[in-house]
Structure formats: C-alpha cells, structure tokens
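Listed below are the residues making up each chain.
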Amino acid sequence: MHEMSIAQNIVEIVEDALRDEVDPDVERVVVKIGRLVAVVPDSLDFCFTAITQGTPLANSQLVIEEIPFQVRCKGCDKTSQVESFVFRCPECGNVKLETITGHELFVSHIEVH
Amino acid sequence: MKIITVQRKVLKKNDEIAEENRNTFGNQGVFVINLLSSPGAGKTTLLERTISRLRGEVKLGVVEGDVQTDRDARRISKLDVPVVQIVTNGACHLEAKLVQDALASLVLADLDLLFIENVGNLVCPASFDLGEHKKVVIASTTEGDDKPIKYPNMFHVSDVCVLNKIDLLPHTDFDTAQFENFTREINPSLTIFRTSAKTGEGIDSWLAWLKSHVKK
C-alpha cells in the first residue's frame, strides 16, 4: 500500500500549486502514471479520497492517465509499444532497449472553477 | 474553468532526499546496497553470512527496516557490527527520509559497505530510491520460479538478483533455468548469483562482487 504515501505526496504538491489561489474550487487533479510504475489506480483513488475528506480538495476528482511503455531498440532503431514486461524488441527480438516512456509518475495539472 | 499546470514528479521530495543520501555516501566513500525481497527469502540470513565472512576485511554497517520489532537488528548486532533499526509501524517500504534520519546513528566515515535491509515486500520498495548505489533483490527456491514475472517491476529495477536457498532445490519444484529466463526477459542486464546463505554454497561469487565495488 505505497499508494497512501503517493497520495500524500500528490496532495502536498497540489496544495503547494494552489498557494496563490483564493478559495480554489478544485474539480480535477490529473496525474500521469507510466505502465512500469507499480501503482494500483483504484487504491490510489481510494487513498486520495480518504485523505482529502474535510479538506478543500474533498470534492475534487483524481484523474489517472496511463502512459504506455515505449521502447527504442538499440539494434534496429525502431520504436515500439510493449504491452507486457518482456523487454525484447517486438520487431527484431533484440534485448538491448532504451525505455522512452513508462516510468513517469507526476502531477500534470489541476482544473479549478 | 482554469487549468493550473503543475508538471511535478510525485516522488520528487523522496528523490531529492535520496540524492542527498547518495552524495553523503559518496563523500564518505561508502558503497550502499538496498536489499530487497519478499518476507522469508533470507535477507537477514544472507546478511549474517556475508558479515561473518567479510568482517575484518571490509567495514560493514546495517540499516534494518521492519514493519514491527527489532528482532533482525538484534540478530545482526550479535555479529558486532553497527546496526540501526527503522521500525516503519505498518508502512510497507522504506523511504529516503527514514534512511537519512537513521544515518545520524551511524559513523559513515568508519564504514566501507552499508546494507539497507528493506521491508520484506516485492512491490512497494521498488518505487522508492533511498540513495543506494545498487539494488539487490533476493529470491528463494521455496518461492515460485515465476516470481520475476509476477513482480516484474522489482526485478526490472534491480541490479543484482541473489537466488537463495539453493540447498533446498532437491526438495522443491523450482526450475532454476526457467527462473533465470524469466528474470532475463524482464531485465537482460541483471547479474544473478545462486547461493545458500545457510550452507555457504555459492557465497564466494557474491562476496567477490561486493568486494569489487567497495573502495579500497
């Protein structure tokens, strides 16, 4: 359940970003999470809801957008999207790959009324 | 409707403290290992074996992370090396700040090698950089040989895998070749050692690897 720790970090980042807003009515908090990051969206949502109760973020929705796992093959130089955790180029089978996306975990933006 | 752009890494704070830890370790010339595994794979037993073999040659210290109790720290302190216990009180992983606080109880300048024994868990600790130089994941032959594909992130982020309890291979269905194939699919550059922390079998290669990373 490291989702709780991640949710706490998200709330801190959002509060920090809203420091200059007067009574912000936050509708959505958008976070982007790479496929390779072991975060369970439902758990994260549950934790976020739990810790924002009774705070200005209580009515906000946590939106989790997934970023696909993309690699560039160091052999054939092709870029592919990999669905599983098998680190092999789907085009040529080479295992020497460079990860382009999939490790992200960041707060993208906040939507306020 | 107004959109406030944030673009901030969620674990930025942890990553920053981890970087501070790494700088501290670098300045003091300590090689640091984050030791990871599921509960019961043999982290503490491997540590005991490693310490008793390297003592006198390499100056070791240990940070013990546990959800509850100081049982592991007491086991390690019997070997007469500096040990600090972190009790997470329920948290399933160590974070960089907990390690930073624990470092206050160690004299890093007196150490060559520091082990941080993480909480037994193959999921959460993979996401938190502690400032270590290498992540070492321990798997054991009494677990399934499919552990790497069930917990891919842990095997993907690790630098070394120690397959422990090889003395028990005759009594299990564990397929070593299959296990190694799975780990290589997930992490082709992973270094694998096969050990029995209990009997000492295979320990020499693991110790040689450790010694090659410790500053002379």
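First, a word on scope: everything that follows refers to the structure included in this document. (Residues numbered from 1 in each chain as written. Chains lettered and ligands numbered in written order. Predicted model: local features only at pLDDT ≥ 70, side-chain atom pairs only at ≥ 80, totals over all residues.)

1. Details of the overall build of chain B
Helix and strand counts for chain B come out as 8 helices and 8 strands. The C-alpha atoms of chain B give a radius of gyration of 17 Å, which matches the 17 Å a tight globule of 216 residues would have. If one aligns the C-alpha atoms of chain B with their principal axes, the spans along those axes are about 65 × 45 × 35 Å. Per-residue burial over chain B gives 47% buried out of 216 residues. Long-range pairs, those at least 24 residues apart, make up 75% of the contacts in chain B between residues at least 6 apart in sequence. (Helix = DSSP H or I, 4+ residues; strand = E, 2+ residues; numbered from the N terminus. Rg over C-alpha atoms; globule rule 2.2 N^0.38 Å. Buried ≥ 20, exposed ≤ 12 C-beta atoms within 10 Å, placed from the backbone. Contact = placed C-beta atoms within 7 Å.)

2. Things to note about the environment of Thr195(B)
All names here are of chain B. Inspection of the secondary structure assignment puts Thr-195 in the loop between strand 8 (191-194) and helix 8 (203-213). Accessibility expressed as a C-beta count within 10 Å gives 27 for Thr-195, which makes it buried. Once the C-alpha coordinates of Thr-195 and Asp-15 are considered, the two residues, 180 residues apart in sequence, prove to be 32 Å apart. The residues touching Thr-195, leaving out its near neighbours within four places in the chain, are Leu-46, Val-162, Asn-164, Ile-166, Glu-201, Gly-202, Ile-203 and Trp-206.

3. Re unusual backbone geometry
Phi angles above zero are rare outside glycine, and Asp23(A) is one such case at about 45°. Relative to the helices and strands, Asp23(A) is located in the loop between helix 1 (3-17) and strand 1 (26-34). Under the C-beta neighbour-count criterion, Asp23(A) is labelled exposed, with 7 such atoms within 10 Å. Phi at Thr69(B) is positive, roughly 70°, even though this residue is not glycine.

4. With respect to the interface of chain A and chain B
Tallying the contact residues gives 26 residues for chain A and 27 residues for chain B. For the side of chain A that touches chain B, the secondary structure elements donating two or more residues are helix 1 and strand 6 (105-112) of chain A. In terms of residue class, the side of chain A that touches chain B is built from 18 nonpolar, 6 polar and 2 charged. (Nonpolar A, V, L, I, M, F, W, Y, C, P; charged D, E, K, R; others polar.)

5. Here's the deal with the sheet that holds strand 4 (residues 79-81) of chain A
Residues and elements named next belong to chain A. Strand order across the open sheet formed by 3 strands is 4-3-5, with antiparallel pairing between neighbours. In this open sheet, the two strands that pair with only one neighbour each are strand 4 and strand 5 (97-101). Ignoring strand direction, the axes of neighbouring strands in this sheet form an average angle of 35°. (Pairing = 2+ DSSP bridges. Axes fitted to C-alpha atoms, helices over the stretch in contact; angles between N-to-C directions.)

Interpretation in functional terms is not warranted from these geometric data alone.
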